[in-house]
Amino acid sequence: MDLSKLSIIFKIVIIGIVYIIIFWALRIMYKDIKVGSRRARKGNRRSFGLEVLNPGSNSNLRRGAVIPVRREITVGRKNDNQLVLEDPYASGHHARIYIRNGKDCILEDLESTNGTLLNGKKLRGKHYLNSGDEIRIGNTSFKFIR
């Protein structure tokens, strides 16, 4: 075998290796883009929160703070609630806010003594929340945000 044929074989092998490297790089980039778009879709889930309008007598809340609502949040005076209120008009387990189907948020009064006000009206049972709804528990008031 002469040197010119060996040179051509080496060139073909090197070009083949370069094409294989480019193919693998493109494949990795495609997978990254695919995973990134999946993460972006998961990130499109609605986020909910409670903006503190009036902290009342609660030292743990400040006006304008936003409390995120992820799956469920319970509100009341007892320490086993996710949102503990230092409000004499709040019951031990006063209300519950939870997300249904990842897109709807529901406020439920837990048979509290003084009741839960939704947009100035006493809440009975459960109610779907809309952006801007005002929730009042004792002296503390929140605005529901999406």
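Residues numbered from 1 in each chain as written. Predicted model: local features only at pLDDT ≥ 70, side-chain atom pairs only at ≥ 80, totals over all residues. Heavy atoms only, no water.

The name an unreviewed UniProt entry gives the protein chain is FHA domain-containing protein, with Clostridium lapidicellarium as the organism.

## Section: the overall build of the protein chain
Counting secondary structure elements, the protein chain contains one helix and eleven strands. Secondary structure elements in the protein chain, listed N-terminal to C-terminal, are α-β-β-β-β-β-β-β-β-β-β-β. Taken over C-alpha atoms, the radius of gyration comes to 29 Å for the protein chain, far larger than the 15 Å a tight globule of 146 residues would show. Along the longest, intermediate and shortest principal axes, the C-alpha atoms of the protein chain span 100 × 30 × 25 Å. The proportion of buried residues among the 146 residues of the protein chain is 31%. Of the contacts formed within the protein chain by residues at least 6 apart in sequence, a portion of 38% connects residues at least 24 apart. In the structure as shown, the protein chain presents an accessible area of about 10200 Å², 55% of it carried by carbon and sulfur atoms. (Helix = DSSP H or I, 4+ residues; strand = E, 2+ residues; numbered from the N terminus. Rg over C-alpha atoms; globule rule 2.2 N^0.38 Å. Buried < 20%, exposed > 50% of the residue type's maximum accessible area, 1.4 Å probe, protein only. Contact = heavy atoms within 4.5 Å. Areas by Shrake-Rupley, 256 points an atom, 1.4 Å probe, with all protein chains shown as cover.)

## Quick look at the pairing of strand β10 (residues 134–137)
A regular strand places its side chains so that they alternate between the two faces of the sheet. Of the two faces of β10, only the one carrying Ile135 and Ile137 is buried; Glu134 and Arg136 on the other face are not. Summarising the sheet, strand β7 (residues 117–118) and β10 pair through two bridges and their orientation is antiparallel. Bridge pairing in β10 links Leu117 to Arg136. The pairing of β10 with strand β11 (residues 140–145) spans four bridges and is classified as antiparallel. In the sheet register, Ile135 faces β11, and the bridge partner there is Phe142. What sits between the antiparallel neighbours β10 and β11 is a turn of two residues, in which Gly138 has the positive phi angle 65°. (Pairing = 2+ DSSP bridges.)

## Notes on the sheet that holds strand β1 (residues 48–54)
The sheet built from six strands is open, its strands ordered β2-β1-β11-β10-β7-β8 with antiparallel pairing. The open sheet terminates on both sides in strands that have one partner only, identified here as β2 (66–69) and β8 (121–122).

## Some thoughts on the side chain of Ser112
By the secondary structure assignment, Ser112 is in the loop between β6 (104–109) and β7. Within the structure, the side chain of Ser112 is placed 3.1 Å from the backbone nitrogen of Gly115, a separation counted as a polar contact. With residues up to four places along the chain from it excluded, the contact list for Ser112 reads Ser91 and His94. (Polar contact = N/O pair within 3.5 Å; in protein donor to acceptor, adjacent residues only side chain to side chain.)

## Considering the environment of Asn58
With respect to the helices and strands, Asn58 occurs in the loop between β1 and β2. Accessibility expressed as a relative area gives 4% for Asn58, which makes it buried. Of note is the side chain of Asn58, whose polar atom sits 2.8 Å from the backbone oxygen of Pro55. Engagement of the side chain of Asn58 in a polar contact is seen with the backbone nitrogen of Glu86, the distance being 2.4 Å.

## Observations regarding the pairing of β6
The buried fraction of β6 is high, at five of six residues. Bridging between strand β5 (residues 95–100) and β6 involves six bridges; their strand directions are antiparallel. Opposite Ile97, over in β6, you have Leu107 as the bridge partner. As consecutive antiparallel partners, β5 and β6 are separated by three residues, and within that stretch Asn101 has a phi angle of approximately 60°, a positive value.

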